[in-house]
Amino acid sequence: MRIPRIYHPSLITQLGTLALSDDAANHIGRVLRMQPGQEVRLFDGSDAEFPAIIQEVGKKQLLVDVTERLEHSIESPLNLHLGQVISRGDKMEFTIQKSVELGVNTITPLLSERCGVKLDEKRFEKKLQQWQKIAIAACEQCGRNRVPVIRPIMELETWCAEPSDALKLNLHPRAQYSINTLPAPVNKVRLLIGPEGGLSAQEIAMTEQYQFAETLLGPRVLRTETAALTAITALQVRFGDLG
């Protein structure tokens with residue numbers, strides 16, 4: 001049986017007995033139905049993993065014995081910040097899950113002129129919590145120890161205007177240059193992915209004002225979730241750690 005990887009929301013500063021969070025305890029005790037004596041592997045957002053043995057599975061808490069700290073990082077040398085205009089249904093969740101697996105460091109959900117999602121502030125807050133849990137679960141699955149940050153939802157221009165020394169890219173089917181023709185080396189990228197209906201002409205002009213370069217993925221028009229994952233993969237192959 002594969003040893004489950006479990007996220008601990010605060011830094012683990014010492015070995016020994018540790019009470020897990022409610023989410024982790026529920027997952028181990030009720031979902032996986034694990035018992036005392038079985039092994040789990042914790043991570044806390046640092047470049048380390050913590051082998052641990054389950055001590056007690058109770059109704060109110062789950063205790064483990066942390067036995068070791070192992071320094072371990074599989075982070076890409078490419079720092080990638082995804083600005084994703086919110087897509088409908090489970091497409092946004094899919095994009096977040098897979099982009100985390102592909103090594104994205106930061107994700108900012110964006111609102112644009114043609115964004116098809118209209119939610120009030122309270123529902124947006126619930127979405128953010130849900131998306132962060134998806135990012136954590138993706139890290140548990142893929143072996144990453146650093147959990148990408150899902151930033152608060154913001155307007156497209158606000159995000160584009162943020163100061164950054166990263167290479168700024170906006171996908172466009174009529175761009176002249178592809179990711180493969182970008183100059184090397186690059187170690188930091190801000191990638192903008194528009195909505196299902198695309199960015200408006202005014203928004204495209206605005207991105208140019210903030211020094212976003214248009215780049216091409218290929219001759220076919222891709223859905224927003226396909227475009228995001230294809231671009232991330234191409235960038236990781238070009239500048240990161242995908243071979």
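See above for the structure.
For the structure given in this document, a descriptive report is provided here.

### Regarding the overall build of the protein chain
Helix and strand counts for the protein chain stand at six helices and 13 strands. Dimensions of the protein chain along its principal axes, counting C-alpha atoms only, are 60 × 40 × 30 Å. In the protein chain, which comprises 243 residues, the proportion classed as buried is 47%. The contacts in the protein chain between residues at least 6 apart in sequence include a share of 70% that link residues at least 24 apart. By element, 50% of the accessible surface of the protein chain is carried by carbon and sulfur atoms, the whole surface being about 12,800 Å². If the 28 positive side-chain charges of the protein chain are averaged to one point and the 29 negative ones to another, these points end up 5 Å apart.

### Thoughts on the packing of aromatic side chains
Taken as a whole and assessed by the stated rule, the structure comprises two aromatic pairs. On the basis of an interplanar angle of 50 degrees and a centroid distance of 5.5 Å, the ring pair of Tyr7 and Phe43 is categorised as tilted. Separated by 36 residues along the polypeptide, Tyr7 in strand β1 (residues 5–7) and Phe43 in strand β3 (residues 39–43) bring together distant segments of the chain. One exposure class covers both Tyr7 and Phe43, and it is buried. Summarising the aromatic geometry, the rings of Trp159 and Phe212 are spaced 5.7 Å apart at their centres and angled 40 degrees between planes, so their arrangement reads as tilted. Remark: Phe212 occurs in the loop between α5 (201–209) and β13 (213–215) and Trp159 occurs in helix α4 (residues 156–160); sequence separation between them is 53 residues. Relative accessible area serves as the criterion here: at 5%, Phe212 is assigned to the buried category. Note that Arg5 overlies the ring of Phe43, its terminal NZ or CZ placed 4.4 Å from the centroid. Its end group placed over the ring of Trp159, Arg190 keeps NZ or CZ at 4.3 Å from the ring centre.

### So, the nonpolar core
Residues Ile86, Ile96, Trp131, Leu191 and Leu235 are the most contacted members of the largest nonpolar core, which totals 51 residues. It is helix α3 (residues 121–142) that provides the largest number of residues to this core, a total of eight residues. If we skip the residues at most four places from it in the chain, Trp131 touches Ile86, Met92, Glu93, Ile96, Pro109, Ile150 and Ile153. Counting 17 residues, the second-largest nonpolar core is a separate cluster that includes Ile12, Ala25, Phe50 and Val66.

### Examining the state of the cysteines
Here is the idea: a disulfide is a covalent bond, and it sits between the sulfur atoms of two cysteines. This model, assessed by the stated rule, comprises zero disulfides. Looking at the unpaired Cys139, the closest cysteine sulfur is the one in Cys142, lying at 5.3 Å. In this structure Cys139 comes out as buried when scored by relative accessible area, which is 0%.

### Points about the layout of surface pockets
Reported here for the largest pocket is a volume of approximately 540 Å³. Together, 24 residues line the largest pocket, and Leu171, His172, Pro173, Gly198 and Leu222 are the ones closest to its centre. Going through the elements one at a time, β11 (167–171), β12 (188–193) and α6 (224–239) are the ones with two or more residues in the lining of the largest pocket. By residue class, the composition of the lining of the largest pocket is 12 nonpolar, eight polar and four charged. Estimates place the volume of the second largest pocket at around 390 Å³. Lining the second largest pocket are Ile6, Tyr7, Pro9, Ser21, Asp23, Ala24, His27, Lys133, Ile136, Ala137 and Glu140. Elements supplying a minimum of two residues to the lining of the second largest pocket: β1, α1 (22–31) and α3. Ranked by residue count, the leading element in the lining of the second largest pocket is α3, at four residues.

### Brief notes about the pattern of salt bridges
All chains considered together, the criterion is met by 10 salt bridges. Residues Arg5 and Glu49 are paired through a salt bridge, measuring 3.2 Å at the closest nitrogen-oxygen approach. Here Arg5 is found in strand β1, whereas its partner Glu49 is found in strand β4 (residues 48–57), with 44 residues between them in sequence. Each member of the pair Arg5 and Glu49 is classed as buried. Between Arg151 and Glu162 there is a salt bridge; the shortest N-O distance is 2.7 Å. Note that Arg151 is positioned in the loop between β9 (149–150) and β10 (154–155) and Glu162 in the loop between α4 and β11, a separation of 11 residues in sequence.

Conventions we followed
- Residues numbered from 1 in each chain as written.
- Predicted model: local features only at pLDDT ≥ 70, side-chain atom pairs only at ≥ 80, totals over all residues.
- Heavy atoms only, no water.
- Helix = DSSP H or I, 4+ residues; strand = E, 2+ residues; numbered from the N terminus.
- Buried < 20%, exposed > 50% of the residue type's maximum accessible area, 1.4 Å probe, protein only.
- Contact = heavy atoms within 4.5 Å.
- Areas by Shrake-Rupley, 256 points an atom, 1.4 Å probe, with all protein chains shown as cover.
- Lys, Arg positive; Asp, Glu negative; His and termini not counted.
- Charge placed at Lys NZ, Arg CZ, Asp CG, Glu CD.
- Phe/Tyr/Trp six-rings, centres within 6.5 Å; stacked < 30°, edge-to-face > 60°.
- Lys NZ or Arg CZ within 6 Å of the ring centre and 35° of its normal.
- Core = buried A, V, L, I, M, F, W, Y, C linked by side-chain atoms within 4.5 Å.
- Disulfide = S-S within 2.5 Å.
- 1 Å grid on protein atoms, 1.4 Å probe; cavity = no way out; pocket = protein on both sides within 12 Å on 5 of 7 lines; lining within 4 Å.
- Points joined across faces, edges and corners; volume = space filled by probe spheres on them.
- Nonpolar A, V, L, I, M, F, W, Y, C, P; charged D, E, K, R; others polar.
- Salt bridge = Lys/Arg side-chain N within 4 Å of Asp/Glu carboxyl O.

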